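# Survey of secondary and tertiary structure
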Amino acid sequence: KVIEEAPEPGLSQELREKLGNTAVAAARAVGYVGAGTVEFIMDQDGTFYFMEMNTRLQVEHPITEMVTGQDLVDWQLQVAAGHTLPKQQKDLKLNGHSFEARIYAENPDADFLPGTGRLEHLTTPAAEEGYVRIETGVRQGDDVSVYYDPMIAKLVVWDTDRTTALKRLVRCLDEYHIVGLHTNVKFLKKLALHPAFIKGDV
């Protein structure tokens, strides 16, 4: 996974609801309570198959937060503390479009080999409330080591529609400058500018 988006391009509301209902049924079947993510894989005719369930929020949860305006981390903590969810599914409405690009210390020209080294220079796009979010645990001068995942950051963008959100993603990728090790930033930009991706033919 390198770029995630919400809502899914070309997915009907009927199929989205069917996926959601199936996910809820899977959690109920094992008596699960708490934050969780059910993953499916879907073929071209819309038939989907269960892959796995993770008993936590996923890395890509910010795109759901951006299009729903809800803080899922806060919800997870509230449920863990024994409180009820602040809203029901019927109360949630999708608004706009969001992309998340995972910025990795890896070399796309060497089969995406993870990299290590010092972040000699690191400049990110400016965060914009509601539009651009940078989630990271590193700063300039830090080392990317062999002991942890080589993810440098998650770049999350939102806008009113998919086309405008994708343009914002490309602009923000242009504003990323990292010196000291290989990254996938140029690859992400190339992917975001690919005609098939622009059309949502994913």
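Above this text is the structure in question.
What counts and what doesn't
Residues numbered from 1 in each chain as written. Predicted model: local features only at pLDDT ≥ 70, side-chain atom pairs only at ≥ 80, totals over all residues. Heavy atoms only, no water. Helix = DSSP H or I, 4+ residues; strand = E, 2+ residues; numbered from the N terminus. Buried < 20%, exposed > 50% of the residue type's maximum accessible area, 1.4 Å probe, protein only. Polar contact = N/O pair within 3.5 Å; in protein donor to acceptor, adjacent residues only side chain to side chain. Contact = heavy atoms within 4.5 Å. Salt bridge = Lys/Arg side-chain N within 4 Å of Asp/Glu carboxyl O.

For Gln 58, the position within the fold is in the loop between strand S3 (48-54) and helix H2 (61-68). By relative accessible area, which is 8% here, Gln 58 ends up buried. A distance of 2.5 Å separates polar atoms of two side chains, one belonging to Gln 58 and the other to Glu 39. There is a polar contact of 2.6 Å between the side chain of Gln 58 and the side chain of Arg 56. When residues no more than four places from it in sequence are discounted, the contact partners of Gln 58 are Lys 1, Thr 37 and Glu 39.

Right, let's get into the side chain of Arg 102. Considering the arrangement of structural elements, one finds Arg 102 in strand S4 (residues 97-104). For Arg 102, a relative accessible area of 8% gives the class buried. Setting aside residues up to four positions removed in sequence, Arg 102 forms contacts with Lys 1, Val 2, Glu 4, Val 59, Glu 60, Met 151, Ala 153, Asn 184 and Leu 188.

Now for the pattern of salt bridges. Should the charged atoms of two oppositely charged side chains come close, the side chains can pair. Throughout the structure, instances matching the rule amount to 14 salt bridges. A salt bridge links Arg 102 to Glu 4, with the nearest nitrogen and oxygen atoms 2.8 Å apart. Of the two residues, Arg 102 sits in strand S4 while Glu 4 sits in strand S1 (residues 3-6), which places them 98 residues apart along the sequence. Side by side, Arg 102 and Glu 4 carry an identical accessibility label, which is buried. As a salt-bridge pair, Asp 159 and Arg 168 come within 2.7 Å of each other at their nearest N and O atoms. Accessibility classification places Asp 159 together with Arg 168 in one group, the buried group. Each of Glu 128, Asp 159, Arg 168, Arg 171 and Glu 175 takes part in a single network of salt bridges with overlapping partners.

The values reported here are purely geometric and, on their own, carry no functional implication.
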